[in-house]
Amino acid sequence: MPTTMPGHVRAASLSELEAHGQLTVTVGGHTLALFRHQGRIHAIDNRCPHMGFPLDRGSLCDGILTCHWHHARFDLTSGGSFDLWADDVPTYPVEERDGAIWVDLTPPADARTRQRDRLEVGLEQEIPLIVAKAVLSLMEERHTAGEPFRAGLAFGTRYRDAGWGQGLTMLTCFTNMTPLLDADDRPRALYQGLSAVARDTAGRPPRFPVRPLPGTTPDAATLKRWFRQFVEVRDGDGAERCIVSALRAGIAPATVADMLFAAVTDHRTIDVGHPLDFTNKALEALDATGWENAELVLTSLVRGYAMADRMEESNAWRHPIDLVAILEAAFERLPDLWDRSTGNVDAADVSPLAPRNSQFLDTLLGDDPQAIVDALLAALEQGHAAEAIAQAVAYAAALRIARFHTSNEFGDWDTALHTFTFANAVHQGLRRAPSPELLRGVFDAAISVYLDRFLNMPAARLPEPQPGVQSDTLLADLGALLDRQQQVNAAAQLVVNYLATGADPQRLLATIGRLLLREDRDFHTIQAVEAAFRQYSLAADATQRAHFLVAAVRYLAAHAPTVRSQGQTYQIALRLHRGDALFEE
Ligand code: FES
């Protein structure tokens, strides 16, 4: 194709355009619509950015081109849309020379900046299609979540007055899972997480973070004491000022994490455990993006601590047995026991859940809260690591889901889920910033497992592997199974059958991840799967690992299939991104 300048291609002759008034040409792999309007020639991409309708079949009036499928309107000169959901359409510079029309197809030098801007627009206006297109472009070269995740984190922590919520938790869960997913599922995961952030912020006032204390900052111990006191009296502003002052003073990340974990466990399992899980996720988000974002991210947690419901105020924790009184008596012993447990760091070796100590697990899953608390205290007294005990409680919580009987009310899945994600967050917190205060969370989680005991009566049978099953069809079978409602036990059986074949477990994780992304799943389902994957990665015992995946797939199967509308939007974005045809007559 003849060119006069790099990037310029001859698109048509002037006489052809004059003869028809409008032309459609394919040059350099692009199909362009050429218009002459008020003496100027315009070249625009012929595919409507909304769903690909040919724009040469639109109507041009007063410089505005209207697509006829959903009636989006575009400024012919700039390509900017007046209907934001449709996105802007690319336009190309045009030259007339020697009786011909030349179009400059050089990609814009700021293409990446433009995609970042489109992502912002998608988040601001809550337009999932624009979010999906921007994510696909931003992750095209690098398959990592980094750039879109940072953008979503900054947006979500700034533009929601209530601070960290479900959207940012989902975004962080999906981002955590990306290394386990197939490469073509990674942008889909980010798209879903970012769409959740957009939903969570839509129509909400922005958040104006509190400034740090002026002048000299008090020491970390003082700030921690004040912070807990302010959360206690539900003073969100005062508490936030302590955190931002600690961060501005350069107090170490582990010390700041300890401040947060202490305050969030000063009351029993606040807001069914969400604030602690959010704290864990916020710290994981900083692991991924850098501590320089800590002020915006960590201050977004504080209002949730101050305003949360406290389980001391709930009937179930007070009657017929005063569980809070049992816990408070145990907590008095924790500072003394703490020193004995922290010396023991080899969780795999000392885990009280090793087969030889299965009595511990039976007690955790039993119906005597005093015995449960005594067993935890005894484990500490014996020198077991706090982290290992937390891991055991997380396993017991996962078993509540793995053995959840479907005769329960459907909403009870969430009850078991809250305990599991809380227990997982306590475990992760103790790995990051161990403290006797956070250790209280292990006891809270264990009592929550106790309170959920009737969800396992009768208990669903844990599946045993069936011999002679081939691994290659099992993953496809799992997908087909989750096309039908309530295939909870059959899905669990498939998981253990697959693991028993010795086939690559990473393929199973990637498949469960893909099936999760296929659904319009709610906040809790992504929490369940992500926490189960985390526990799977940390468990030393093969049976326990299998049970975590059984819990994940049972929860997912209970909540599938959905209408899968999010996947439909993503497919449209993907086909537009690849240049596939969308509109067919
Ligand atoms: S408005 Fe053009 S395809 Fe929808």
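Here we summarise the structure given alongside this text.

About the thresholds
- Residues numbered from 1 in each chain as written.
- Predicted model: local features only at pLDDT ≥ 70, side-chain atom pairs only at ≥ 80, totals over all residues.
- Heavy atoms only, no water.
- Core = buried A, V, L, I, M, F, W, Y, C linked by side-chain atoms within 4.5 Å.
- Buried < 20%, exposed > 50% of the residue type's maximum accessible area, 1.4 Å probe, protein only.
- Contact = heavy atoms within 4.5 Å.
- Helix = DSSP H or I, 4+ residues; strand = E, 2+ residues; numbered from the N terminus.
- Expected span 1.5 Å × (residues − 1).
- Pairing = 2+ DSSP bridges.
- Axes fitted to C-alpha atoms, helices over the stretch in contact; angles between N-to-C directions.
- Parallel < 35°, antiparallel > 145°, perpendicular 65-115°, else oblique.
- Left-handed = near helix turned anticlockwise from the far one by under 90°.
- Nonpolar A, V, L, I, M, F, W, Y, C, P; charged D, E, K, R; others polar.

**A short note on the nonpolar core**
Then, in step 1: One finds Phe 227, Leu 298, Leu 376, Val 442 and Phe 443 to be the most contacted residues of the largest nonpolar core, which totals 161 residues.
Then, in step 2: Setting aside its immediate chain neighbours within four residues, Phe 443 contacts Leu 327, Ala 330, Phe 331, Leu 334, Val 373, Leu 376, Leu 377 and Leu 380.

**Here's the deal with helix H18 (residues 412-432)**
Then, in step 1: With 21 residues, H18 extends 31 Å from end C-alpha to end C-alpha; this agrees with the ideal 30 Å at 1.5 Å per step.
Then, in step 2: Along H18, 16 of the 21 residues are buried, which leaves the element largely enclosed by surrounding structure.

**Description of unusual backbone geometry**
Then, in step 1: Each neighbour pair has its own omega, and for His 319 with Pro 320 the value is 0°, a cis peptide bond.
Then, in step 2: Mapped onto the elements, Pro 320 comes out in the loop between helix H11 (294-307) and helix H12 (323-331).
Then, in step 3: The omega angle of the peptide bond from Ala 560 to Pro 561 is -5°, so this bond is cis rather than trans.
Then, in step 4: Of note, Gln 486 is a non-glycine position whose phi angle comes to about 60°, a positive value.
Then, in step 5: In this fold, Gln 486 is placed in the loop between helix H20 (471-481) and helix H21 (488-500).

**Focus: the pairing of strand S2 (residues 22-27)**
Then, in step 1: A one-sided burial pattern is seen for S2, the buried positions being Leu 23, Val 25 and Val 27 and the unburied ones Gln 22, Thr 24 and Thr 26.
Then, in step 2: Across six bridges, S2 lies against strand S3 (residues 30-37) in antiparallel orientation. Bridging from a neighbouring strand, Val 27 pairs with His 30 of S3.

**Looking at the environment of Asp 56**
Then, in step 1: Tracing the backbone through its elements, the reader meets Asp 56 in the loop between strand S4 (40-45) and strand S5 (59-61).
Then, in step 2: It is 45 Å that separates the C-alpha atoms of Asp 56 and Leu 475, two residues lying 419 residues apart in sequence.
Then, in step 3: The residues contacting Asp 56, other than those within four sequence positions of it, are Gln 22, Thr 24, Ala 33, Phe 35 and Asn 46.

**Quick word on the packing of helix H4 (residues 146-158) against helix H10 (residues 274-289)**
Then, in step 1: Two elements in contact, H4 and H10, have axes separated by 10 Å at closest approach and are oriented at 135°. Overall, the two elements H4 and H10 adopt an arrangement that is oblique. Judged by the sense of rotation from one axis to the other, the crossing of H4 with H10 is left-handed. Contacts between H4 and H10 pair Phe 149, Arg 150 and Leu 153 from the former with Ala 285, Ala 288 and Thr 289 from the latter.
Then, in step 2: Per-class residue counts for the contact of H4 with H10 are four nonpolar, one polar and one charged.

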